[in-house]
Amino acid sequence: MNLRAAGLATLVALALAGCSTPGNNRPNATPEQIAAVAYRHDGPPAITLFTMISNSTNEGAHSSIMINAPSQRIIYDPAGSVRADYITEADDVIYGVTPTFESFYERAHARETYRVRIQRVEVPAAVAEQALRLAMTSGSARQSMCAKSTSSILAQLPGFDSVSPTWFPKKLAAQMSQLPGVTDRILRETDDDDKSLALALHRQHLARTASASGTETGPETGQGAGEGTQRAVVSQ
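So, here's what we can say about the structure.

About the cut-offs
Residues numbered from 1 in each chain as written. Predicted model: local features only at pLDDT ≥ 70, side-chain atom pairs only at ≥ 80, totals over all residues. Heavy atoms only, no water. Axes fitted to C-alpha atoms, helices over the stretch in contact; angles between N-to-C directions. Helix = DSSP H or I, 4+ residues; strand = E, 2+ residues; numbered from the N terminus. Parallel < 35°, antiparallel > 145°, perpendicular 65-115°, else oblique. Left-handed = near helix turned anticlockwise from the far one by under 90°. Contact = heavy atoms within 4.5 Å. Nonpolar A, V, L, I, M, F, W, Y, C, P; charged D, E, K, R; others polar. Buried < 20%, exposed > 50% of the residue type's maximum accessible area, 1.4 Å probe, protein only. Pairing = 2+ DSSP bridges. Salt bridge = Lys/Arg side-chain N within 4 Å of Asp/Glu carboxyl O. Polar contact = N/O pair within 3.5 Å; in protein donor to acceptor, adjacent residues only side chain to side chain. Core = buried A, V, L, I, M, F, W, Y, C linked by side-chain atoms within 4.5 Å.

Running from N to C, helix α5 (residues 146–154) and helix α6 (residues 169–176) cross one another at 25°; their axes reach a closest spacing of 9 Å. The pairing of α5 with α6 is recorded here as roughly parallel in orientation. Relative to α6, α5 is oriented so that their crossing is left-handed. Mapping the contact onto sequence places Ala 147, Thr 150, Ser 151 and Leu 154 in α5 and Pro 169, Leu 172 and Met 176 in α6. Of the residues in the contact of α5 with α6, the class split is five nonpolar, two polar and no charged.

What follows is the structure, encoded as structure tokens:
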């Protein structure tokens, strides 16, 4: 590696210091578990880019996308940090993305130290399905590869001509803003920096929902409400 390449690698690693998966050795969800929680949203096919931005440095910290395809809605969270026993995930794809989980995911990242830029664009059904297939076959991303993995998927899609592969979340967001019809909003919250608190509150909500429905399985989880010890592994 020459000095210029080494310098770039160091810069990327520093800029994306928060875009990494902590020690999480949980196995992938099985096909049966994935099928059990698959969720179809009745809204139009769309792709939503989440960009997590540090409030102290104004640097991008993480990129991920939510894909609403006719077959199901998922979040592709490469090298992501929203992981817990009750969340159905395989190779950085989170399944069962109901409206409740969508809200939880956004708010888990928005806190006193980070804000979330949320850009959404409606796409043809075939494009959404293509994005879904690419996400499901990409495999787990290495640390600091969130923006590169996300942008590489988007760059392959028809109509995403303004997007090219990049290592930097804010550069990807800037490319996304050039797409026709994209909507753009910023989510800010003042929650504690510890994202595990958001995971714990979401778990309590699921348990209450399951209890109220008189079932053992929460509608968002596909698992028993009291099943196992919940281990949340999180970071920005």
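Glancing now at the pairing of strand β1 (residues 46–54). Taken across its nine residues, β1 has nine buried, putting it largely inside the fold. Of the two faces of β1, the one holding Ala 46, Thr 48, Phe 50, Met 52 and Ser 54 and the one holding Ile 47, Leu 49, Thr 51 and Ile 53 are both buried throughout. In this structure, the hairpin formed by β1 and strand β2 (residues 60–68) is closed by a connection of five residues, where Asn 58 is found at a positive phi of approximately 65°. Sheet topology places β1 next to strand β6 (residues 114–122); nine bridges connect them, and they run antiparallel. When the bridges of β6 are listed, Ser 54 appears paired with Tyr 114.

Inspection of every chain in the model, using the stated rule, returns eight salt bridges. Here Glu 89 and Arg 83 are joined by a salt bridge, their closest N and O atoms 3.9 Å apart. For the pair formed by Glu 89 and Arg 83, the shared burial category is buried. Across the pair Arg 185 and Glu 106 runs a salt bridge, and its minimum N-O distance is 3.0 Å. Of this pair, Arg 185 sits in strand β7 (residues 183–187) while Glu 106 is found in helix α3 (residues 99–109), placing the two residues 79 residues apart along the sequence. Take Arg 185: its relative accessible area is 42%, and that puts it in the partly exposed class. Three or more residues joined by partner-sharing salt bridges are found here, namely Asp 77, Arg 83, Glu 89 and Asp 92.

Right, let's get into the environment of Arg 117. As for its position among the elements, Arg 117 is in strand β6. Along the primary structure Arg 117 and Lys 170 are separated by 53 residues, whereas in three dimensions their C-alpha atoms are 9.4 Å apart. Looking at Arg 117, its side chain comes within polar contact range of the side chain of Asp 184, at 2.6 Å.

What follows is about the environment of Pro 27. Relative to the elements of secondary structure, Pro 27 occurs in the loop between α1 (3–15) and α2 (31–37). Among the residues examined, Pro 27 registers a relative accessible area of 65% and is labelled exposed.

Now for the nonpolar core. With 30 residues, the main nonpolar core has Ile 47, Ile 65, Ile 67, Ile 74, Leu 154, Leu 157 and Phe 160 as its most contacted residues. Put simply, the parts of the chain that give this core at least two residues each are α2, β1, β2, β3 (73–76), α4 (125–137), α5 and α6. Counting residues per element, this core draws most heavily on α4, at six residues. Other than its neighbours up to four places away in sequence, Ile 74 contacts Ile 65, Met 66, Ile 67, Val 93, Ile 94, Tyr 95, Val 97, Leu 132 and Ala 135.

Note that all results are geometric; they support no functional claim without further evidence.
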